[in-house]
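Fold and contact review
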Amino acid sequence: ATVATIVASLNGWKWAYLEKGILASINRSMQAILILAILGCLIASWMAAGTIPTMMYYGIKIISPSVFLVTACILCSVVSLATGSSWSTAGSMGVALIGVGTALGFPNVMTAGAVVSGAYFGDKMSPLSDTTNLAPAMAGSQLFDHIKHMIYTTGTSLIIALVAYTVMGFMHSSSNAVDMSVVTEITDFIAGSTNISLWALIPPLFVILMVAFKFPAIPGLIGGVFIAVPFMFLNRPHIENALANMGASKPSLEENIFAILNNGISMGNVPEGASPIINELAGLLSSGGSQGFMWTISIIIAAMCFGGIMDVTGMMGTMTAILLKMAKGTGGLVLATELSCIIVNATCCDQYLSLVLPGRMFKEAFEDRRLAPKNLSRCLEDSGTITSNFFPWNTCGATMRQFLGVNSGYIPFAILNWVNPIVSIIFGFAGITMTKMTEEEYEKILEEREREKAEALKALEA
(Lines give C-alpha, C1' and ligand atoms only; values in the text may rest on other atoms or scores of the structure.)
Protein backbone atom coordinates (compact mmCIF):
# COMPACT_ATOMS: atom_id res chain seq x y z
CA ALA A 1 0.00 0.00 0.00
CA THR A 2 2.89 2.34 0.80
CA VAL A 3 4.61 1.62 -2.52
CA ALA A 4 1.32 2.15 -4.37
CA THR A 5 0.94 5.52 -2.59
CA ILE A 6 4.45 6.61 -3.60
CA VAL A 7 3.89 5.59 -7.24
CA ALA A 8 0.54 7.40 -7.29
CA SER A 9 2.06 10.54 -5.75
CA LEU A 10 4.87 10.59 -8.32
CA ASN A 11 2.18 10.52 -11.00
CA GLY A 12 0.39 13.57 -9.59
CA TRP A 13 -2.35 12.06 -7.42
CA LYS A 14 -3.14 14.05 -4.28
CA TRP A 15 -3.26 12.38 -0.87
CA ALA A 16 -6.80 13.63 -0.13
CA TYR A 17 -8.08 11.73 -3.17
CA LEU A 18 -6.09 8.58 -2.34
CA GLU A 19 -7.41 8.67 1.22
CA LYS A 20 -11.00 8.76 -0.01
CA GLY A 21 -10.28 5.72 -2.17
CA ILE A 22 -8.79 3.89 0.82
CA LEU A 23 -11.79 4.67 3.04
CA ALA A 24 -14.26 3.66 0.32
CA SER A 25 -12.42 0.36 -0.13
CA ILE A 26 -12.41 -0.38 3.61
CA ASN A 27 -16.10 0.48 3.79
CA ARG A 28 -16.84 -2.17 1.14
CA SER A 29 -15.27 -4.82 3.35
CA MET A 30 -16.81 -3.61 6.62
CA GLN A 31 -19.58 -6.23 6.69
CA ALA A 32 -16.97 -8.99 6.34
CA ILE A 33 -14.92 -7.40 9.14
CA LEU A 34 -17.94 -7.28 11.46
CA ILE A 35 -18.78 -10.89 10.66
CA LEU A 36 -15.20 -11.99 11.39
CA ALA A 37 -15.31 -10.36 14.83
CA ILE A 38 -18.56 -12.23 15.55
CA LEU A 39 -17.10 -15.49 14.22
CA GLY A 40 -14.34 -15.38 16.83
CA CYS A 41 -17.03 -15.29 19.52
CA LEU A 42 -19.00 -18.06 17.82
CA ILE A 43 -16.05 -20.46 17.57
CA ALA A 44 -15.17 -19.81 21.23
CA SER A 45 -18.75 -20.46 22.37
CA TRP A 46 -18.97 -23.67 20.32
CA MET A 47 -15.64 -24.84 21.70
CA ALA A 48 -16.71 -24.22 25.30
CA ALA A 49 -20.13 -25.82 24.70
CA GLY A 50 -18.46 -29.00 23.39
CA THR A 51 -19.94 -28.57 19.91
CA ILE A 52 -16.70 -28.71 17.92
CA PRO A 53 -15.11 -31.48 20.06
CA THR A 54 -18.29 -33.59 19.68
CA MET A 55 -18.11 -33.30 15.90
CA MET A 56 -14.46 -34.37 15.99
CA TYR A 57 -15.12 -37.27 18.36
CA TYR A 58 -17.91 -38.91 16.38
CA GLY A 59 -16.08 -38.27 13.11
CA ILE A 60 -12.96 -40.10 14.25
CA LYS A 61 -15.02 -43.03 15.58
CA ILE A 62 -16.13 -44.03 12.07
CA ILE A 63 -12.60 -44.41 10.62
CA SER A 64 -11.71 -47.79 9.10
CA PRO A 65 -8.69 -48.66 6.89
CA SER A 66 -10.49 -49.31 3.60
CA VAL A 67 -12.30 -45.95 3.67
CA PHE A 68 -9.64 -43.98 5.53
CA LEU A 69 -8.92 -41.40 2.80
CA VAL A 70 -12.55 -40.61 2.05
CA THR A 71 -13.29 -40.50 5.78
CA ALA A 72 -10.33 -38.16 6.39
CA CYS A 73 -11.60 -35.83 3.66
CA ILE A 74 -15.17 -35.81 5.04
CA LEU A 75 -14.00 -35.42 8.63
CA CYS A 76 -11.81 -32.43 7.77
CA SER A 77 -14.71 -30.98 5.77
CA VAL A 78 -16.99 -31.21 8.80
CA VAL A 79 -14.44 -29.75 11.21
CA SER A 80 -13.54 -26.95 8.80
CA LEU A 81 -17.23 -26.19 8.26
CA ALA A 82 -17.63 -25.92 12.02
CA THR A 83 -14.57 -23.73 12.60
CA GLY A 84 -14.39 -21.87 9.27
CA SER A 85 -10.61 -22.38 9.22
CA SER A 86 -8.58 -24.63 6.93
CA TRP A 87 -5.44 -23.71 8.87
CA SER A 88 -6.66 -24.84 12.29
CA THR A 89 -8.19 -27.98 10.77
CA ALA A 90 -5.00 -29.00 8.97
CA GLY A 91 -2.74 -27.95 11.85
CA SER A 92 -4.46 -30.12 14.43
CA MET A 93 -6.96 -32.62 13.04
CA GLY A 94 -4.77 -32.94 9.94
CA VAL A 95 -1.73 -33.74 12.04
CA ALA A 96 -3.75 -36.34 13.95
CA LEU A 97 -4.91 -37.93 10.69
CA ILE A 98 -1.32 -38.06 9.40
CA GLY A 99 -0.50 -40.16 12.47
CA VAL A 100 -3.55 -42.37 11.95
CA GLY A 101 -2.72 -42.76 8.24
CA THR A 102 0.82 -43.79 9.06
CA ALA A 103 -0.52 -46.44 11.45
CA LEU A 104 -2.84 -47.68 8.69
CA GLY A 105 -0.02 -47.84 6.10
CA PHE A 106 -0.88 -44.79 3.94
CA PRO A 107 1.86 -42.50 2.52
CA ASN A 108 1.93 -39.12 4.27
CA VAL A 109 1.52 -37.15 1.01
CA MET A 110 -1.64 -39.12 0.20
CA THR A 111 -3.17 -38.47 3.62
CA ALA A 112 -2.11 -34.82 3.45
CA GLY A 113 -3.88 -34.43 0.09
CA ALA A 114 -7.15 -35.75 1.53
CA VAL A 115 -6.76 -33.49 4.59
CA VAL A 116 -6.14 -30.38 2.48
CA SER A 117 -9.07 -31.18 0.15
CA GLY A 118 -11.47 -31.55 3.07
CA ALA A 119 -10.09 -28.55 4.97
CA TYR A 120 -10.47 -26.23 1.99
CA PHE A 121 -13.92 -27.52 1.11
CA GLY A 122 -15.14 -26.70 4.62
CA ASP A 123 -13.30 -23.37 4.58
CA LYS A 124 -14.99 -22.40 1.31
CA MET A 125 -18.48 -23.46 2.32
CA SER A 126 -18.52 -22.24 5.93
CA PRO A 127 -20.20 -18.92 6.82
CA LEU A 128 -17.59 -18.75 9.59
CA SER A 129 -14.67 -18.48 7.15
CA ASP A 130 -12.87 -15.19 6.58
CA THR A 131 -12.36 -15.85 2.85
CA THR A 132 -15.99 -16.91 2.42
CA ASN A 133 -16.99 -13.53 3.83
CA LEU A 134 -14.33 -11.55 1.97
CA ALA A 135 -15.14 -12.86 -1.54
CA PRO A 136 -18.80 -11.71 -1.60
CA ALA A 137 -17.76 -8.42 0.00
CA MET A 138 -15.44 -7.79 -2.97
CA ALA A 139 -17.98 -8.89 -5.56
CA GLY A 140 -21.01 -7.16 -4.01
CA SER A 141 -22.99 -10.35 -3.39
CA GLN A 142 -24.67 -11.63 -0.22
CA LEU A 143 -22.92 -14.18 2.00
CA PHE A 144 -25.54 -16.94 1.91
CA ASP A 145 -26.28 -16.40 -1.81
CA HIS A 146 -22.55 -16.83 -2.40
CA ILE A 147 -22.38 -20.07 -0.38
CA LYS A 148 -25.40 -21.60 -2.12
CA HIS A 149 -24.00 -20.66 -5.55
CA MET A 150 -20.71 -22.41 -4.77
CA ILE A 151 -22.54 -25.69 -4.14
CA TYR A 152 -22.73 -26.28 -7.91
CA THR A 153 -18.99 -26.09 -8.64
CA THR A 154 -17.49 -26.99 -5.27
CA GLY A 155 -20.04 -29.74 -4.64
CA THR A 156 -19.28 -31.31 -8.03
CA SER A 157 -15.56 -31.11 -7.27
CA LEU A 158 -16.06 -32.74 -3.86
CA ILE A 159 -17.98 -35.65 -5.40
CA ILE A 160 -15.13 -36.22 -7.88
CA ALA A 161 -12.59 -36.09 -5.04
CA LEU A 162 -14.55 -38.48 -2.82
CA VAL A 163 -14.88 -41.03 -5.63
CA ALA A 164 -11.14 -40.81 -6.25
CA TYR A 165 -10.34 -41.17 -2.52
CA THR A 166 -12.62 -44.19 -2.25
CA VAL A 167 -10.80 -45.95 -5.09
CA MET A 168 -7.38 -44.93 -3.73
CA GLY A 169 -8.32 -46.05 -0.22
CA PHE A 170 -9.27 -49.54 -1.30
CA MET A 171 -6.14 -49.81 -3.47
CA HIS A 172 -3.72 -48.66 -0.76
CA SER A 173 -5.31 -49.95 2.44
CA SER A 174 -2.88 -52.09 4.38
CA SER A 175 -3.48 -55.84 4.33
CA ASN A 176 -1.57 -56.23 7.62
CA ALA A 177 -3.08 -56.08 11.09
CA VAL A 178 -3.78 -52.46 11.99
CA ASP A 179 -2.83 -50.94 15.33
CA MET A 180 -5.86 -48.82 16.24
CA SER A 181 -4.29 -47.60 19.48
CA VAL A 182 -3.62 -44.20 17.85
CA VAL A 183 -7.33 -43.72 17.15
CA THR A 184 -8.24 -44.77 20.70
CA GLU A 185 -5.65 -42.37 22.15
CA ILE A 186 -7.11 -39.47 20.20
CA THR A 187 -10.76 -40.14 21.07
CA ASP A 188 -9.91 -40.71 24.74
CA PHE A 189 -8.11 -37.37 24.86
CA ILE A 190 -11.07 -35.52 23.31
CA ALA A 191 -13.58 -37.23 25.64
CA GLY A 192 -11.43 -36.40 28.65
CA SER A 193 -11.12 -32.74 27.69
CA THR A 194 -14.79 -31.81 27.25
CA ASN A 195 -18.38 -33.03 27.44
CA ILE A 196 -19.27 -35.16 24.41
CA SER A 197 -23.01 -34.91 23.80
CA LEU A 198 -25.37 -34.94 20.83
CA TRP A 199 -27.13 -31.98 22.48
CA ALA A 200 -24.02 -29.92 21.70
CA LEU A 201 -24.83 -30.23 17.98
CA ILE A 202 -27.89 -27.96 18.32
CA PRO A 203 -25.95 -24.67 17.74
CA PRO A 204 -24.66 -25.65 14.26
CA LEU A 205 -28.12 -26.97 13.36
CA PHE A 206 -29.48 -23.55 14.35
CA VAL A 207 -27.02 -21.80 12.00
CA ILE A 208 -27.90 -24.22 9.17
CA LEU A 209 -31.58 -23.35 9.66
CA MET A 210 -30.70 -19.66 9.55
CA VAL A 211 -28.98 -20.25 6.20
CA ALA A 212 -31.95 -22.25 4.89
CA PHE A 213 -34.44 -19.53 5.86
CA LYS A 214 -32.24 -16.78 4.35
CA PHE A 215 -31.79 -15.02 7.68
CA PRO A 216 -29.35 -12.06 7.51
CA ALA A 217 -25.79 -13.19 8.25
CA ILE A 218 -24.90 -10.93 11.18
CA PRO A 219 -27.99 -11.52 13.37
CA GLY A 220 -27.98 -15.20 12.42
CA LEU A 221 -24.38 -15.64 13.56
CA ILE A 222 -24.96 -13.66 16.75
CA GLY A 223 -27.83 -16.06 17.45
CA GLY A 224 -25.42 -18.93 16.88
CA VAL A 225 -23.11 -17.44 19.52
CA PHE A 226 -25.66 -17.09 22.28
CA ILE A 227 -27.62 -20.28 21.64
CA ALA A 228 -24.43 -22.13 22.59
CA VAL A 229 -24.12 -20.37 25.96
CA PRO A 230 -26.69 -22.57 27.82
CA PHE A 231 -24.81 -25.68 26.62
CA MET A 232 -21.67 -24.37 28.31
CA PHE A 233 -23.29 -25.20 31.66
CA LEU A 234 -23.44 -28.89 30.64
CA ASN A 235 -19.67 -28.60 30.26
CA ARG A 236 -19.04 -26.56 33.43
CA PRO A 237 -16.41 -28.83 35.12
CA HIS A 238 -14.23 -28.99 32.00
CA ILE A 239 -14.58 -25.23 31.34
CA GLU A 240 -13.68 -24.24 34.89
CA ASN A 241 -10.73 -26.64 34.82
CA ALA A 242 -9.59 -25.07 31.53
CA LEU A 243 -9.98 -21.54 32.98
CA ALA A 244 -7.88 -22.54 36.00
CA ASN A 245 -5.17 -23.95 33.72
CA MET A 246 -5.22 -20.68 31.76
CA GLY A 247 -4.57 -18.73 34.96
CA ALA A 248 -7.99 -17.07 35.39
CA SER A 249 -8.21 -15.29 38.75
CA LYS A 250 -11.88 -16.33 39.14
CA PRO A 251 -12.36 -19.56 37.18
CA SER A 252 -16.16 -19.77 37.55
CA LEU A 253 -18.16 -20.11 34.34
CA GLU A 254 -20.67 -17.33 35.16
CA GLU A 255 -17.92 -14.75 35.61
CA ASN A 256 -16.09 -15.70 32.40
CA ILE A 257 -18.72 -16.13 29.68
CA PHE A 258 -17.93 -12.83 27.96
CA ALA A 259 -14.19 -13.30 28.58
CA ILE A 260 -14.44 -16.65 26.75
CA LEU A 261 -16.26 -15.04 23.82
CA ASN A 262 -13.68 -12.24 23.63
CA ASN A 263 -10.41 -14.03 24.39
CA GLY A 264 -11.24 -17.67 23.65
CA ILE A 265 -10.54 -20.80 25.67
CA SER A 266 -8.22 -23.81 25.54
CA MET A 267 -10.08 -27.03 26.34
CA GLY A 268 -7.19 -29.39 25.58
CA ASN A 269 -5.35 -30.14 28.84
CA VAL A 270 -2.31 -32.14 27.68
CA PRO A 271 -1.13 -34.70 30.27
CA GLU A 272 2.51 -35.28 31.14
CA GLY A 273 4.32 -37.54 28.66
CA ALA A 274 1.61 -37.20 25.99
CA SER A 275 2.51 -38.20 22.43
CA PRO A 276 3.30 -35.53 19.81
CA ILE A 277 -0.06 -36.21 18.15
CA ILE A 278 -1.92 -35.29 21.35
CA ASN A 279 0.17 -32.14 21.76
CA GLU A 280 -0.76 -31.07 18.24
CA LEU A 281 -4.41 -32.12 18.64
CA ALA A 282 -4.76 -29.91 21.71
CA GLY A 283 -4.46 -26.93 19.37
CA LEU A 284 -7.78 -27.77 17.72
CA LEU A 285 -9.46 -27.73 21.13
CA SER A 286 -8.46 -24.08 21.54
CA SER A 287 -9.90 -20.85 20.16
CA GLY A 288 -8.76 -17.26 20.25
CA GLY A 289 -12.20 -15.68 20.57
CA SER A 290 -12.99 -12.37 18.90
CA GLN A 291 -9.49 -11.08 19.62
CA GLY A 292 -8.03 -14.05 17.77
CA PHE A 293 -9.47 -12.73 14.50
CA MET A 294 -7.96 -9.26 14.83
CA TRP A 295 -4.81 -10.35 12.99
CA THR A 296 -6.91 -11.43 10.00
CA ILE A 297 -8.93 -8.22 10.20
CA SER A 298 -5.74 -6.14 10.20
CA ILE A 299 -4.50 -7.92 7.06
CA ILE A 300 -7.84 -7.26 5.34
CA ILE A 301 -7.67 -3.56 6.22
CA ALA A 302 -4.11 -3.35 4.87
CA ALA A 303 -5.19 -5.14 1.69
CA MET A 304 -8.12 -2.74 1.34
CA CYS A 305 -5.70 0.20 1.55
CA PHE A 306 -3.68 -1.30 -1.29
CA GLY A 307 -6.75 -2.18 -3.35
CA GLY A 308 -8.33 1.26 -2.80
CA ILE A 309 -5.26 3.09 -4.12
CA MET A 310 -4.93 0.70 -7.07
CA ASP A 311 -8.60 1.26 -7.86
CA VAL A 312 -8.96 5.06 -7.69
CA THR A 313 -5.70 5.79 -9.52
CA GLY A 314 -6.52 3.50 -12.44
CA MET A 315 -3.51 1.20 -11.88
CA MET A 316 -5.90 -1.69 -11.36
CA GLY A 317 -7.73 -0.73 -14.54
CA THR A 318 -4.47 -1.01 -16.49
CA MET A 319 -3.98 -4.55 -15.22
CA THR A 320 -7.61 -5.37 -16.00
CA ALA A 321 -7.28 -4.19 -19.59
CA ILE A 322 -4.40 -6.62 -20.18
CA LEU A 323 -6.18 -9.61 -18.63
CA LEU A 324 -9.56 -8.82 -20.23
CA LYS A 325 -8.09 -9.22 -23.72
CA MET A 326 -8.49 -12.97 -23.32
CA ALA A 327 -12.05 -12.64 -22.01
CA LYS A 328 -14.09 -13.57 -25.09
CA GLY A 329 -17.58 -14.30 -23.82
CA THR A 330 -18.62 -15.46 -20.38
CA GLY A 331 -16.27 -18.45 -20.39
CA GLY A 332 -13.29 -16.26 -21.28
CA LEU A 333 -14.18 -13.87 -18.47
CA VAL A 334 -14.31 -16.73 -15.95
CA LEU A 335 -10.99 -18.07 -17.26
CA ALA A 336 -9.31 -14.65 -17.03
CA THR A 337 -10.63 -14.14 -13.49
CA GLU A 338 -9.41 -17.50 -12.26
CA LEU A 339 -6.00 -17.17 -13.92
CA SER A 340 -5.57 -13.76 -12.30
CA CYS A 341 -6.37 -15.27 -8.88
CA ILE A 342 -3.68 -17.91 -9.38
CA ILE A 343 -1.17 -15.28 -10.57
CA VAL A 344 -1.82 -13.10 -7.51
CA ASN A 345 -1.45 -16.15 -5.23
CA ALA A 346 1.93 -16.84 -6.85
CA THR A 347 3.24 -13.26 -6.97
CA CYS A 348 1.67 -11.52 -3.95
CA CYS A 349 2.06 -14.58 -1.68
CA ASP A 350 -1.25 -13.99 0.11
CA GLN A 351 -4.68 -15.58 -0.18
CA TYR A 352 -6.56 -12.41 0.76
CA LEU A 353 -5.01 -10.37 -2.07
CA SER A 354 -5.96 -13.13 -4.53
CA LEU A 355 -9.58 -12.33 -3.65
CA VAL A 356 -9.28 -8.57 -3.24
CA LEU A 357 -7.38 -7.57 -6.38
CA PRO A 358 -9.16 -9.76 -8.99
CA GLY A 359 -12.44 -8.99 -7.22
CA ARG A 360 -11.95 -5.28 -7.77
CA MET A 361 -10.47 -5.75 -11.25
CA PHE A 362 -13.26 -7.85 -12.73
CA LYS A 363 -16.30 -6.50 -10.88
CA GLU A 364 -17.36 -4.09 -13.64
CA ALA A 365 -16.64 -6.63 -16.39
CA PHE A 366 -19.07 -9.10 -14.78
CA GLU A 367 -21.63 -6.31 -14.34
CA ASP A 368 -21.28 -5.23 -17.97
CA ARG A 369 -22.17 -8.76 -19.03
CA ARG A 370 -25.12 -8.55 -16.62
CA LEU A 371 -23.80 -11.47 -14.58
CA ALA A 372 -25.00 -11.54 -10.98
CA PRO A 373 -22.30 -10.66 -8.39
CA LYS A 374 -22.44 -14.17 -6.93
CA ASN A 375 -20.87 -15.48 -10.16
CA LEU A 376 -17.78 -13.36 -9.54
CA SER A 377 -17.55 -14.23 -5.83
CA ARG A 378 -17.78 -17.93 -6.76
CA CYS A 379 -14.96 -17.59 -9.31
CA LEU A 380 -12.77 -15.84 -6.72
CA GLU A 381 -13.18 -18.69 -4.25
CA ASP A 382 -13.01 -21.44 -6.88
CA SER A 383 -9.50 -20.26 -7.75
CA GLY A 384 -8.16 -17.74 -5.22
CA THR A 385 -9.03 -19.58 -2.01
CA ILE A 386 -8.49 -23.08 -3.31
CA THR A 387 -5.05 -22.71 -5.02
CA SER A 388 -3.32 -20.59 -2.36
CA ASN A 389 -1.64 -23.64 -0.80
CA PHE A 390 -0.02 -24.75 -4.07
CA PHE A 391 2.85 -22.25 -3.76
CA PRO A 392 5.40 -22.93 -0.99
CA TRP A 393 6.15 -19.21 -0.67
CA ASN A 394 2.46 -18.31 -0.23
CA THR A 395 1.35 -17.98 3.40
CA CYS A 396 -1.11 -20.88 2.96
CA GLY A 397 1.39 -23.06 1.12
CA ALA A 398 4.09 -22.62 3.74
CA THR A 399 1.59 -23.24 6.54
CA MET A 400 0.17 -26.45 5.08
CA ARG A 401 3.61 -27.92 4.47
CA GLN A 402 4.75 -27.05 7.98
CA PHE A 403 1.61 -28.36 9.69
CA LEU A 404 1.51 -31.67 7.82
CA GLY A 405 5.26 -32.26 7.55
CA VAL A 406 5.18 -32.91 3.79
CA ASN A 407 6.64 -31.37 0.64
CA SER A 408 4.82 -30.35 -2.52
CA GLY A 409 4.27 -34.02 -3.33
CA TYR A 410 0.83 -33.79 -1.70
CA ILE A 411 -0.56 -31.49 -4.43
CA PRO A 412 -1.56 -34.30 -6.88
CA PHE A 413 -3.51 -35.89 -4.01
CA ALA A 414 -5.27 -32.61 -3.07
CA ILE A 415 -7.84 -33.52 -5.71
CA LEU A 416 -10.52 -30.98 -4.77
CA ASN A 417 -8.06 -28.08 -4.95
CA TRP A 418 -7.00 -28.58 -8.57
CA VAL A 419 -10.29 -30.01 -9.86
CA ASN A 420 -12.40 -27.10 -8.54
CA PRO A 421 -10.92 -24.39 -10.84
CA ILE A 422 -11.26 -26.72 -13.84
CA VAL A 423 -14.91 -27.43 -13.03
CA SER A 424 -15.58 -23.72 -12.54
CA ILE A 425 -14.05 -22.84 -15.92
CA ILE A 426 -16.08 -25.59 -17.64
CA PHE A 427 -19.25 -24.21 -16.03
CA GLY A 428 -18.29 -20.75 -17.31
CA PHE A 429 -17.82 -21.82 -20.94
CA ALA A 430 -20.94 -24.00 -20.85
CA GLY A 431 -22.99 -21.26 -19.15
CA ILE A 432 -24.05 -23.65 -16.38
CA THR A 433 -25.50 -21.77 -13.36
CA MET A 434 -24.06 -18.45 -14.63
CA THR A 435 -26.96 -16.45 -13.21
CA LYS A 436 -27.97 -13.20 -14.94
CA MET A 437 -29.09 -9.99 -13.23
CA THR A 438 -32.64 -8.74 -13.48
CA GLU A 439 -33.25 -5.42 -15.21
CA GLU A 440 -33.91 -3.80 -11.83
CA GLU A 441 -30.61 -5.07 -10.42
CA TYR A 442 -28.69 -3.83 -13.46
CA GLU A 443 -30.28 -0.39 -13.31
CA LYS A 444 -29.42 -0.13 -9.62
CA ILE A 445 -25.77 -0.92 -10.39
CA LEU A 446 -25.66 1.75 -13.11
CA GLU A 447 -27.08 4.27 -10.68
CA GLU A 448 -24.50 3.28 -8.06
CA ARG A 449 -21.70 3.71 -10.60
CA GLU A 450 -22.90 7.21 -11.49
CA ARG A 451 -23.07 8.13 -7.82
CA GLU A 452 -19.52 6.87 -7.20
CA LYS A 453 -18.22 8.79 -10.23
CA ALA A 454 -19.88 11.97 -9.03
CA GLU A 455 -18.35 11.54 -5.57
CA ALA A 456 -14.93 10.85 -7.10
CA LEU A 457 -15.09 13.97 -9.27
CA LYS A 458 -16.19 16.06 -6.30
CA ALA A 459 -13.29 14.72 -4.25
CA LEU A 460 -10.85 15.35 -7.11
CA GLU A 461 -12.05 18.96 -7.43
CA ALA A 462 -11.66 19.44 -3.68
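As a reminder, the structure under discussion sits directly above these lines.
What follows concerns the overall build of the protein. When you go through the protein residue by residue, the secondary structure sums to 24 helices and 2 strands. The C-alpha radius of gyration computed for the protein amounts to 23 Å, which stays within 12% of the reference 23 Å derived for 462 residues, consistent with globular compactness. Each principal axis of the C-alpha atoms in the protein carries an extent, and together these give about 70 × 55 × 40 Å. Each of the 462 residues in the protein was classed as buried or not, and the buried ones make up 55%. Where the 24 positive side-chain charges of the protein centre and where its 30 negative ones centre are 8 Å apart.

This part takes up the pattern of salt bridges. This model, assessed by the stated rule, comprises 7 salt bridges. The shortest N-O distance in the salt bridge between E254 and R236 comes to 2.7 Å. Here R236 lies in helix α14 (residues 236-245) and E254 lies in the loop between α14 and α15 (257-263), a separation of 18 residues in the sequence. Classification of E254 by relative accessible area gives partly exposed; the value is 43%. Here R236 falls in the partly exposed class, since its relative accessible area comes to 27%.

This part covers the nonpolar core. As a rule of thumb, nonpolar side chains are buried together in soluble globular proteins. Within the largest apolar cluster, 137 residues are counted, with the highest numbers of intra-cluster contacts made by F68, L97, Y165, I186, I239 and I265. In terms of residues, this core owes the most to one element, helix α3 (residues 30-49), which gives 15 residues. Leaving out residues up to four positions away in the same chain, L97 has contacts with I63, F68, A72, L75, C76, T111 and V115.

Turning our eyes to something else, we now look at a negative patch on the surface. Together, E440, E441, E443 and E447 make up a negatively charged patch on the protein surface. Mapping E440 onto the fold places it in helix α24 (residues 439-461). Take E440: its relative accessible area is 58%, and that puts it in the exposed class.

Let us look at the packing of helix α9 (residues 143-172) against helix α23 (residues 415-430). Where α9 contacts α23, the two axes come as close as 8 Å, and the packing angle between them is 140°. As summarised for this structure, α9 and α23 are arranged oblique, according to the angle between their axes. You can see that α9 and α23 cross each other, and the crossing is right-handed. Along its contact with α9, which presents Y152, T153, T154, T156, S157, L158, I160, A161, A164, Y165 and M168, the element α23 presents I415, L416, V419, N420, V423, S424 and F427. Here the contact of α9 with α23 is composed, by residue class, of 12 nonpolar, 6 polar and no charged.

When you tally the buried positions in helix α4 (residues 51-61), you get 9 out of 11 residues, the bulk of the element. Those residues of α4 not exposed but buried are T51, I52, P53, T54, M55, M56, Y57, G59 and I60.

Basis of the calculations
- Residues numbered from 1 in each chain as written.
- Predicted model: local features only at pLDDT ≥ 70, side-chain atom pairs only at ≥ 80, totals over all residues.
- Heavy atoms only, no water.
- Helix = DSSP H or I, 4+ residues; strand = E, 2+ residues; numbered from the N terminus.
- Rg over C-alpha atoms; globule rule 2.2 N^0.38 Å.
- Buried < 20%, exposed > 50% of the residue type's maximum accessible area, 1.4 Å probe, protein only.
- Lys, Arg positive; Asp, Glu negative; His and termini not counted.
- Charge placed at Lys NZ, Arg CZ, Asp CG, Glu CD.
- Salt bridge = Lys/Arg side-chain N within 4 Å of Asp/Glu carboxyl O.
- Core = buried A, V, L, I, M, F, W, Y, C linked by side-chain atoms within 4.5 Å.
- Contact = heavy atoms within 4.5 Å.
- Patch = residues over 30% accessible without salt bridge, like charges linked within 9 Å, V, L, I, M, F, W, Y side chains within 5 Å.
- Areas by Shrake-Rupley, 256 points an atom, 1.4 Å probe, with all protein chains shown as cover.
- Axes fitted to C-alpha atoms, helices over the stretch in contact; angles between N-to-C directions.
- Parallel < 35°, antiparallel > 145°, perpendicular 65-115°, else oblique.
- Left-handed = near helix turned anticlockwise from the far one by under 90°.
- Nonpolar A, V, L, I, M, F, W, Y, C, P; charged D, E, K, R; others polar.

Honestly, it's all geometry; don't read function into it.
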